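# Close look at the chain arrangement
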Amino acid sequence: MLEQAFNGLVGGAFFALLALGLAVIFGMLGVVNFAHGAFYMLGAFGAFVLLDSFGVNFWVALFAVPIVLGVVGVVLERLFIRRLAPLDPLYNFLFTFGLTLILQDLIKSRYGVQSQPYPRPSALSGSLDLGLFTYPTYQVFVLAVSLAVCALVWLALTRTRVGMIVRAATEKPELTRALGIDVGRWVTPVFGFGIALAGLAGVLAAPMRAVNPLMGADLIITVFAVVVIGGLGSIFGSVTAGFAIGLVSALGNLYVPALSQTLVFILMAAVLLWRPAGLFGREEALS
Amino acid sequence: MLRIEGLSAWYGEAQVLREADLEVRKGEIVTLVGRNGAGKTTLLRCVMGLHGRAEGRVSFVDEDVTRLAVHRRARRGLGYVPDDRGVYATLSVEENLTLPPRVGPDPWSLERVYETFPRLKDRRGFPGTKLSGGEQQMLALARVLRMGARLLLCDEPTEGLSPLIVAQIGDILREVKAQGVTVLLIEQNVHFAATVADRHYLLAEGRIVESLDNDEMKAREGELLEHLGI
Amino acid sequence: MKALGRAAAVAAVGTMLAGCGGGPGGGGGKISDGRLVLAVLNDQSAIYADLSGKNSVEAVKMAVADYKAKYGDKAVTENIDVIAADHQNKPDIANSKAQELYDRQKADTIMDVPTSSAALAVANIAKTKKKVFIDIGAATTALTGANCNKYTFHYGYNTYMLAHGTGSTVTKDGAKNWYVVYPDYAFGQDMNKSFSTAVQGAGGKIVKSDPAPFPNDNFSTFLLKAPGLSPKPQVLGTMQAGGDLVNLVKQYNEYKLRDKGIGLAVGLMFLTDIHSLGADALAGTKFTDPWYWNADQGNRAWADKFLAKTGKRPTFAHAANYSAALQYLDAVQRAGTDKSDDVVKQLEGHKFEDVFAKNATIRAQDHLLLHDVALAQVKPSSEVKEPWDYEKILKTIPADQAFQQPDPACKL
């Protein structure tokens, strides 16, 4: 039981990283980034290509891939997202949706739909004695990295001036500009950062999940549910909901396997009925 | 200090401002009165650059700011106090105060803010929206003063507040004025307007229909109240 | 004689009509529209695109070339087209594409059609249009059971074959207690049922079987739970396919279940899956394979031709598409016409041998292709000598034992 709960947290680690990126992007830009799953996929493929074609190991990929994808995100924001931002939010949603299809098909045309092999880094291939139970080292590592990243982002948000600006711009973008802050200057790096987080989640996923062009498409729907449950644009809510949903689906698989596929969405519907703005969302954010 | 010429603005198809002209001189407190929907808030938002569909010219300290980005206008010294007070829930009281950059030659220090508003000092670690309505209004005012804004754009600061707090806001505005800060104030409370302001513009159906001084304002209080539908 | 006379009459009328239309191509007299059209309807872009997809279209083209080479001038027609359509694994799209292929594109046969629900939809169209349909990619036994019809053939493999090959053998080898995890949709539920029957028939026991979400990237709940079941399972049977299978196997290795005494058996595995995971991730795993490219010289020679055309080694689905096209063309040749009823008659009960189908019969009662299949085992990477060389054939399961008896529910 305890082991299963822990295992749920590991699953939640991916949800949390992806939801965190989605939440900062949504908060700061008002863009529902449908392409987030595609960048998660690119993260995993990035790790695969580095290893397969250049012999670059996991540890380097863990840093290099998110940085490269972050830069890609910056370019995308500058070239497209920014131009579409003044229009109806639907335009950017459709843009990122189209982008998802393009990215998936590009990878598909190069590598096909079959999964690509990626081994666990040898330093993390053993098991770890956690006292109450032993657990695969790699999974413990994933959980630790995710928690550390979430904690760092949390510290940066609450303890630094940049974090304060991001919080302010997320809550009231217009007023924040009217108070003399160049929100536009921060939008680009925040978008890049959100994309980098998706890439990081992808690299972490490569050794333990199937690396194929559709890996993100399947996951992103659940992550959207996570973000909605946590409260759209609520950074704290998204991370908490990420880990919580991981936990719930693990225990759901265990006790009501027949429901496991829909459990997250039933939960989302229930939360929305009870609190339309999500668990940690503010009602005013809806209007 | 602030000059608006031929300002028109639209919401979709509906025109809310029609060639409005207005001027605020340095050191003045000027109010904008008019019934709901007359276009007061839109006019203030146009000055800040927050309204999308607008035509006309806005100049501030002899500079045409019509094409200037919103945050640059703020950095020229415009201090915006929106009608919802614009207090951040995700920022503490102190963060709410220190968020904007300092823009003027004579910004208030945090000590001075806390001296003037001791309640804010007591609650500086609280989330901004945990304050009462009156305290939030103080916070919004204190914020632009700490910025060192040279022209305050205050959208109905007294709305829904108790007479005691309204009086306090009046004191602050007079103090600020004495310091040389200029204020453009939207005000439904005609009586309050007459006690703090030097001049008044009457806005009706998107046009500036009259400019009144304090004596005229007092003389026509009854008529104006009727016009405003209060 | 009477039937033959009628066929000749129809053919004659056909020729006349075609003549009015401006003249058919040479030798196309008994062929409707003057040409034969073979349509491959399968997944060209999503999860099954690599294991069948566009390369199955190539395989069918190879069959056409081989047919022409074999018969030369004696071929009933020179004009043979191979066309393709993408059904995205969705029954509704399969339904409308199949109608379009038969009606507008004048397809004489539709082939492949993975995903059971899509295959059943196409079988229905084939029945109403009275056109030949040879399914390869789908696994459901319903195609030759309750949903069988005169014009539908099932070619290559099915859930019974996979379950009995793997389930019985692994159980008889000593792994009596099974924990089965299956994807919660038609294929998975079918596989789960077939596996239970096979395992119990061989004297084993299903300790537990759990449905998992589909698609799913996190199987850790099931893997963590496995060692704690009572009695402790000796083997984990996974019915997952494609990316889900890869996820599960990666995580199976992560949790070191093999070290905890729980072996792995895979319900349906394609060559592409082994390639995705790497041989070592699966080394020692037993599974049933309808065909393996490197099993003998004949297979290998064909696989070399396929490699030259596509740059990849063929999966069994590619070879099955080749074989089905070849057998269809041969049946048309024997019938001397592409008229469905005559072609069906030629296919029914036909005994043959080709590169895919060894010791093969198309069973007349239910149109299921019976052929020898293999029990295979994944090699450790130390034994892998060349790219795609992943399997060791443990034994051949003869055609008459590999598949189920005809289902009485099937009435052609």
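In this text, all values refer to a predicted model and were calculated from it rather than measured experimentally.

## Focus on the overall build of chain C
Helix and strand counts for chain C stand at 14 helices and 15 strands. Compactness check: chain C gives a C-alpha radius of gyration of 22 Å against a globular reference of 22 Å for 412 residues, within 12% of the reference. With respect to the three principal axes, the spread of C-alpha positions in chain C is 75 × 45 × 35 Å. Here chain C holds 412 residues, and 57% of them are scored as buried.

## Focus: the overall build of chain A
Across its full length, chain A holds 11 helices and two strands. For chain A, the sequential pattern of α-helices and β-strands runs α-α-α-α-β-β-α-α-α-α-α-α-α. Compactness check: chain A gives a C-alpha radius of gyration of 19 Å against a globular reference of 19 Å for 287 residues, within 12% of the reference. For chain A, the spread of C-alpha atoms along the three principal axes comes to 55 × 45 × 35 Å. Here chain A, with 287 residues, has 55% of them falling under the buried criterion. Intrachain contacts of chain A at a sequence separation of at least 6 include 76% that bridge at least 24 residues.

## Here's the deal with unusual backbone geometry
Residues and elements named next belong to chain C. A cis amide bond links Phe214 to the next residue, Pro215, at an omega of -10 degrees. Within the secondary structure layout, Pro215 lies in the loop between strand E7 (205-212) and helix H7 (220-225). For the peptide bond that leads from Ser230 to Pro231, omega is -5 degrees, which places it in the cis range. Positionally, Pro231 belongs in the loop between H7 and strand E8 (235-238). Here Val113, not a glycine, exhibits a phi torsion of approximately 50 degrees, which is positive. Following the sequence through the fold, Val113 ends up in the loop between strand E3 (109-112) and helix H4 (116-129).

## Things to note about the pairing of strand E14 (residues 373-378) of chain C
Here is the key point about a regular strand: its side chains alternate between the two faces of the sheet. All names here are of chain C. Most of E14 sits inside the fold, with five of its six residues counted as buried. Strand direction decides the pairing type here: strand E10 (residues 286-289) and E14, joined by four bridges, are antiparallel. Its bridge partner lying in E14, Thr288 is registered against Leu375.

## A few points about the sheet that holds strand E9 (residues 199-204) of chain B
All names here are of chain B. Spatial ordering of the open sheet is given by E6-E7-E8-E3-E9-E10, a layout of six strands whose pairing is mixed. Looking along the sheet, the strands with just one partner apiece sit at the ends: strand E6 (78-81) and strand E10 (207-213). Strand after strand, the sheet turns through a mean of 20 degrees between neighbouring axes, direction not considered. In the sheet, E6 pairs with strand E7 (residues 151-155) via four bridges, with the strands oriented parallel.

## Some words on the UniProt feature "domain: Leucine-binding protein" (unreviewed entry) in chain C
Residues annotated by UniProt as "domain: Leucine-binding protein" (unreviewed entry) correspond here to residues 38-379 of chain C. Along residues 38-379 of chain C one finds 43% helix and 18% strand; the C-alpha atoms at either end are 37 Å apart.

## As for the environment of Asp86 of chain C
Residue and element names in this part refer to chain C. Mapped onto the secondary structure, Asp86 falls in strand E2 (residues 80-86). Overall, Asp86 belongs to the partly exposed group, with 19 C-beta atoms counted inside 10 Å. Asp86 sits 178 residues away from Leu264 along the chain, and the two C-alpha atoms are 34 Å apart. Residue contacts for Asp86: discarding those within four places in its chain leaves Asp43, Gln44 and Ser45.

## Looking at the domain arrangement of chain C
Residue and element names in this part refer to chain C. As far as domains go, chain C holds domain 1 (26-157 + 295-371) and domain 2 (160-289 + 374-402). If you average the C-alpha positions of domain 1 and of domain 2, the two centres end up 29 Å apart. On the side of domain 2, 19 residues touch domain 1, which itself brings 18 residues to the contact. Elements with a minimum of two residues in the side of domain 1 that touches domain 2: H4 and strand E12 (360-362). In terms of residue class, the side of domain 1 that touches domain 2 is made up of eight nonpolar, eight polar and two charged.

## Focus: the UniProt feature "transmembrane region" (unreviewed entry) in chain A
Summarizing the sequence annotation, UniProt attributes the feature "transmembrane region" (unreviewed entry) to residues 6-27, 57-77, 89-107, 138-157, 186-207, 219-247 and 254-274 of chain A in the numbering used throughout. Between the first and last C-alpha atoms of residues 254-274 of chain A the distance is 26 Å; the span itself is 67% helix and 0% strand.

## Comments concerning the packing of helix H9 (residues 215-230) of chain A against helix H11 (residues 263-274) of chain A
Residue and element names in this part refer to chain A. The geometry of H9 relative to H11 is characterised by a closest axis approach of 9 Å and an angle of 25 degrees between their N-to-C directions. Taken together, the axes of H9 and H11 are roughly parallel relative to one another. H9 and H11 meet at a crossing whose hand is left-handed. Here H9 contributes Thr222, Ala225, Val228 and Ile229 to the contact with H11, which in turn contributes Val264, Phe265, Leu267, Met268, Val271 and Leu272. Along the lines of polarity and charge, the residues of the contact of H9 with H11 split into nine nonpolar, one polar and no charged.

## Some remarks on helix H1 (residues 2-29) of chain A
Residues and elements named next belong to chain A. End to end, H1 covers 39 Å across 28 residues, agreeing with the expected 40 Å (1.5 Å per residue, within 8%). Along H1, the sharpest change in direction is near 30 degrees and occurs at Gly12. Counted residue by residue, H1 has 24 buried out of 28 residues, so it is predominantly covered. Just downstream of H1, Gly30 is the residue with a positive phi angle, here 70 degrees.

## Notes on the sheet that holds strand E11 (residues 351-352) of chain C
The strands making up a sheet are joined through hydrogen bonds of the backbone, oriented either antiparallel or parallel. All names here are of chain C. Across the sheet, which stays open at both edges, the three strands sit in the order E11-E12-E13 with antiparallel pairing between neighbours. Both outer strands of the open sheet, E11 and strand E13 (369-370), are each paired with one neighbouring strand and no more. Note: E11 against E12, two bridges, orientation antiparallel. Across the sheet, the residue bridging to Lys351 is Thr361, located in E12.

## Some thoughts on the pairing of strand E3 (residues 29-33) of chain B
Residue and element names in this part refer to chain B. Of all the five residues making up E3, five are buried; the element is thus mostly covered by neighbouring parts of the structure. Residue alternation in E3 divides its side chains into two sets, Ile29, Thr31 and Val33 and Val30 and Leu32, and both sets are buried. Across four bridges, E3 lies against strand E8 (residues 182-186) in parallel orientation. Pairing of Leu32 across the sheet is with Ile186, part of E8. Pairing of E3 with E9 involves four bridges; the strand directions are parallel. In the sheet register, Val30 faces E9, and the bridge partner there is Arg199.

## Here we look at the interface of chain B and chain A
If you look at the interface, chain B gives 19 residues, while chain A gives 14 residues. Among the elements that make up the side of chain B that touches chain A, the one with the highest residue count is helix H2 (residues 70-76) of chain B (four residues). Split by residue class, the side of chain B that touches chain A holds 14 nonpolar, three polar and two charged.

## Some points on H11 of chain A
For H11 of chain A, spanning 12 residues, the distance from its first C-alpha to its last is 16 Å, which sits close to the expected 16 Å at 1.5 Å a residue. Along its buried surface, H11 of chain A packs onto H9 and helix H10 (235-255) of chain A.

## Side note on the interface of chain C and chain A
Listed per partner, the contact involves 29 residues of chain C and 30 residues of chain A. Per-element accounting of the side of chain C that touches chain A gives the leading share, six residues, to helix H8 (residues 242-254) of chain C. Looking at the side of chain C that touches chain A residue by residue, the class counts come to 11 nonpolar, 10 polar and eight charged.

## Digging into the environment of Ala59 of chain C
All names here are of chain C. You can see Ala59 is positioned in helix H2 (residues 53-71). What makes Ala59 buried here is the crowd of 32 C-beta atoms within 10 Å. It is 23 Å that separates the C-alpha atoms of Ala59 and Thr337, two residues lying 278 residues apart in sequence. Setting aside residues up to four positions removed in sequence, Ala59 forms contacts with Phe306, Pro314, His318, Asn321 and Tyr322.

## Topic: the nonpolar core
In this structure, Ala19, Leu20 and Ala44 of chain A, Leu153 of chain B together with Ile110 and Val122 of chain C are the most contacted members of the largest nonpolar core, which totals 302 residues. No other element matches the 18 residues that H1 of chain A contributes to this core. Once residues lying within four places of it in the same chain are set aside, the contact partners of Val122 of chain C are Leu41, Ala94, Ala98, Ile110, Val113 and Phe133 of chain C.

## Some details on the environment of Leu175 of chain A
Residue position: Leu175 of chain A is located in helix H7 (residues 173-178). A residue is classified by how many C-beta atoms lie within 10 Å of it, and Leu175 of chain A, with 24 of them, is buried. If near-sequence neighbours (up to four positions away) are discounted, Leu175 of chain A is found in contact with Pro82 and Gly86 of chain B.

Cut-off values and rules
Residues numbered from 1 in each chain as written. Chains lettered and ligands numbered in written order. Predicted model: local features only at pLDDT ≥ 70, side-chain atom pairs only at ≥ 80, totals over all residues. Helix = DSSP H or I, 4+ residues; strand = E, 2+ residues; numbered from the N terminus. Rg over C-alpha atoms; globule rule 2.2 N^0.38 Å. Buried ≥ 20, exposed ≤ 12 C-beta atoms within 10 Å, placed from the backbone. Contact = placed C-beta atoms within 7 Å. Pairing = 2+ DSSP bridges. Axes fitted to C-alpha atoms, helices over the stretch in contact; angles between N-to-C directions. UniProt positions renumbered as here; feature names shortened; annotations may be inferred. Domains from an automatic or database assignment. Nonpolar A, V, L, I, M, F, W, Y, C, P; charged D, E, K, R; others polar. Parallel < 35°, antiparallel > 145°, perpendicular 65-115°, else oblique. Left-handed = near helix turned anticlockwise from the far one by under 90°. Expected span 1.5 Å × (residues − 1). Bend = angle between axes of the 7 residues up to and from the residue. Core = buried A, V, L, I, M, F, W, Y, C linked by C-beta atoms within 7 Å.

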